[in-house]
Amino acid sequence: MTVIATESLSKRFPRVTALDRLSVDVGPGVTGLVGANGAGKSTLIKILLGLSPATEGRAEVLGLDVATKGGDIRERVGYMPEHDCLPPDVSATEFVVHMARMSGLPPAAARERTADTLRHVGLYEERYRPIGGYSTGMKQRVKLAQALVHDPQLVFLDEPTNGLDPVGRDEMLGLIRRIHTDFGISVLVTSHLLGELERTCDHVVVIDGGKLLRSSSTTDFTQTTTTLAIEVTDTDDHPDGTRAVREVLHARGIDTHDGSGLPGAGHILLLTADGEETYDLVRDIVADLGLGLVRMEQRRHHISEVFKDADDARDEERKEAVGHGG
Amino acid sequence: MAVEQSPARTGEQTRIHNIGYRNYDGPRLGRAYARRSLYSQSLRGAYGLGRSVKSKVLPMLLFVVMCVPAAIMVAVAVATKAKDLPVDYTQYAIFLQAVIGLYVASQAPQSVSRDLRFKTVPLYFSRPIETADYVRAKYASLASAMFILTAAPLVVLYVGALLAKLDFADQTKGFAQGLLSVALLSLLFAGIGLVISAVTPRRGFGIAAVIATLTISYGAVSTVQAIAFDQNSTDAIAWLGLFSPITLIDGVQTAFLGATSSFPGEVGPSSGEGVVYLLVVLGLIAGCYGLLMRRYRKVGL
Ligand SMILES: Nc1ncnc2c1ncn2[C@@H]1O[C@H](COP(=O)(O)OP(=O)(O)O)[C@@H](O)[C@H]1O
Ligand SMILES: [Mg+2]
């Protein structure tokens, strides 16, 4: 079953191509849409909601064509925008009831579901107070509640962790997971932080400059593996210490990536750690070569690095383009 | 007995402890219902209902100010057994135009600027409704709120007139003409107020701009009309009225609704000229609607 399908979907603005022949299929579950700022994530959501016409290509949401069935789609999906969207002078309850009615729920059902939904997102007594006095975390919950109140089949969450502190972020991610496991609602959630979503999502789609970088299931590696980043010193024997380590690792059949595009690229080696053995192995190799180990750290949070390989070149290109733009 | 009690208790317990997610499989009433909901929410909001106590003060106060003179007139008419009301139904809104202006200046921005300022508009458009639904609901709700404001005192006058046993047919006709006139006025003023307010997310600017538009246009028109009257160019007086909202309404009701013109020397437009007035009013209403549609198509998400 496909929840979202796009086929060579493009969106061109006068000065930028926001989406570039994007073809992707998304199934039920929690799907992360990851990409740097300006990658085209919000643009894709607007097209999927049937609010902004694609320049080229086609897209379907829940089997409905976005070009012709926008209204039907919007009745079945929920949307949490990335920006603030809450009036400060009304209470969460009043606001969510109103948005429920805007989704077509009769008054009594709107009130009942508002109470339920606010409770599910973790808002209790405070829901009767004006939203203006809420913390960022509470506001994000209200935004989430209005997207869920009409019990959609699918929700689009645009950067829901934006502006949250680490604790708030973990709570939000936990909530997002529950939207699927407990509520049975499929989720498309975006983030510009590469890797933040890997534990939450069943599937991650990475886009960059409007192009698809990779679309794959996260279960493959997140359960068993983490990415290890290593940085070593150079010595007279080994003027390029990084390279020396890489060669030994390759000889032992362990793949590495060079983390290009990231700070310190070229001096950092990334490899997939299968467990404690990998740490020991790296430590031994570095010691055997007589190099100093500057760092060896877990990088669970850089899913992109696991993905990159083949796309390094393309990424490099884009980075340059961005550099010129800024 | 015990057998009967236990299922009841279990039911209660599950109700209390069941905090699991429930799916909704009730009716989804769709776009027209959503539009009506937005209409009624906005209409209530125009009188501060469902909003803070503070936001109720001004609209309620203005409503009272609109009705009190009518109540006094009626009381006097009943007490003195007068032969007629001291004011025509059609004149009432013209007399109290400042109150009406203040109302639209305060409520038009509250209706639309807030949604723009707090970026709630994209949330509306992420639901089944479309631009036209939003614009119609907002336009209709403010026009209705203004109709309530302007028609309520007419109802007071009419009821009073009947209590004072004034001529029924006469009063009913006057009342109906008054209602038609304020309906037109409500549509025109709501449109102008909304178009101006929808330009800016800043409520204060909206209020100032609406007041300025209404008072400057009326001030300019009545000044030039007074000059024209001094110079006996009565033709010009009638045409000048086309350039401010309240004189437009005055012109239409003078030509078609049996009103006495409030122009200097009571020189209102003839029925021929009145057609132009009516066309301008309808054109402005349609124009305001068109501008609002254009504005909100751009806002999108
Ligand atoms: N309405 C618009 N007009 C012109 N350019 C736009 C518009 N919306 C987005 N863009 C551009 O499209 C690109 C993708 O934007 P967006 O989808 O918002 O990225 P993301 O959500 O991934 O940060 C950006 O370069 C952005 O400047
Ligand atoms: Mg975005």
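Treat the numbers as computed from the prediction; the structure is a model and nothing was measured.

Procedures and definitions
- Residues numbered from 1 in each chain as written.
- Chains lettered and ligands numbered in written order.
- Predicted model: local features only at pLDDT ≥ 70, side-chain atom pairs only at ≥ 80, totals over all residues.
- Heavy atoms only, no water.
- UniProt positions renumbered as here; feature names shortened; annotations may be inferred.
- Helix = DSSP H or I, 4+ residues; strand = E, 2+ residues; numbered from the N terminus.
- Donors = N, O, S within 2.8 Å, 3.2 Å for Na, K, Ca; no water.
- Contact = heavy atoms within 4.5 Å.
- Buried area = accessible area lost by both parts, 1.4 Å probe.
- Salt bridge = Lys/Arg side-chain N within 4 Å of Asp/Glu carboxyl O.
- Axes fitted to C-alpha atoms, helices over the stretch in contact; angles between N-to-C directions.
- Parallel < 35°, antiparallel > 145°, perpendicular 65-115°, else oblique.
- Left-handed = near helix turned anticlockwise from the far one by under 90°.
- Nonpolar A, V, L, I, M, F, W, Y, C, P; charged D, E, K, R; others polar.
- Pairing = 2+ DSSP bridges.

Student: Would you mind going over the UniProt feature "transmembrane region" (unreviewed entry) in chain B with me for this structure?
Tutor: All names here are of chain B. Per the UniProt record, "transmembrane region" (unreviewed entry) is annotated on residues 57-80, 92-109, 139-163, 175-199, 205-229 and 274-292. With 96% helix and 0% strand, residues 57-80 has end C-alpha atoms that lie 34 Å from one another. End-to-end, the C-alpha atoms of residues 205-229 are 35 Å apart, and along that stretch the chain is 100% helix and 0% strand.

Student: Whenever I open this one, the coordination of the magnesium ion (ligand 2) confuses me. Can you help?
Tutor: Reference geometry at the metal: tetrahedral coordination by four donors gives ideal angles of 109.5 degrees; octahedral coordination by six donors gives 90 or 180 degrees. Donor atoms from the polypeptide that coordinate the magnesium ion (ligand 2) comprise A:Ser42 (OG) and A:Glu82 (OE), at 2.0 to 2.5 Å from the metal. Separated by 40 residues along the polypeptide, A:Ser42 in helix H1 (residues 41-48) and A:Glu82 in the loop between strand E6 (77-80) and helix H3 (92-102) bring together distant segments of the chain.

Student: Is there a simple way to think about the interface of chain A and chain B in this case?
Tutor: Where interface size is given, it is often the accessible area lost as the parts come together that is meant. Chain A puts 41 residues into the contact, and the matching count from chain B is 30 residues. Summed over both partners, the interface of chain A with chain B buries about 3,300 Å², with 54% contributed by carbon and sulfur atoms. For chain A, the biggest contributors to the area lost against chain B are A:Arg74, A:His98 and A:Met102; these three give 19% of the whole. On the surface where chain A and chain B come into contact, there are 3 salt bridges. Where A:Arg74 meets B:Glu130, a salt bridge forms, and the shortest distance between an N and an O atom there is 3.3 Å. Listed by contribution, the elements that provide at least two residues to the side of chain A that touches chain B are helix H2 (70-76), H3, helix H4 (107-120) and helix H5 (136-148) of chain A. When residues of the side of chain A that touches chain B are assigned to their parent elements, the largest contribution, 7 residues, is made by H4(A).

Student: Help me understand the packing of H3(A) against H5(A), please; the structure alone is not making it clear to me.
Tutor: The relative placement of two packed helices comes down to the angle between their axes together with the axis-to-axis distance. All names here are of chain A. Where H3 meets H5, the closest approach of the two axes is 9 Å, and the angle between their N-to-C directions is 25°. Between H3 and H5, the crossing angle belongs to the class labelled roughly parallel. Crossing geometry of H3 relative to H5 is assigned as right-handed. Of the residues in H5, those touching H3 at Ala92, Phe95, Val96 and Met99 are Val142, Ala145 and Gln146. For the contact of H3 with H5, the residue count by class is 6 nonpolar, 1 polar and no charged.

Student: Explain the sheet that holds strand E4 (residues 56-61) of chain A here, please?
Tutor: Across a sheet, strands are paired by hydrogen bonds formed along the backbone, either parallel or antiparallel in direction. All names here are of chain A. Pairing within the open sheet is antiparallel, and its 4 strands lie in the order E2-E1-E4-E5. One side of each edge strand has no neighbouring strand; the edge strands of this open sheet are strand E2 (17-26) and strand E5 (64-65). As paired strands, strand E1 (residues 4-12) and E2 are joined by 6 bridges and run antiparallel to one another. Within E2, the position partnered with Thr6 by the bridge is Val24. Contacts from H1 reach E1, E2 and E4, with the element oriented near 115° to E1.

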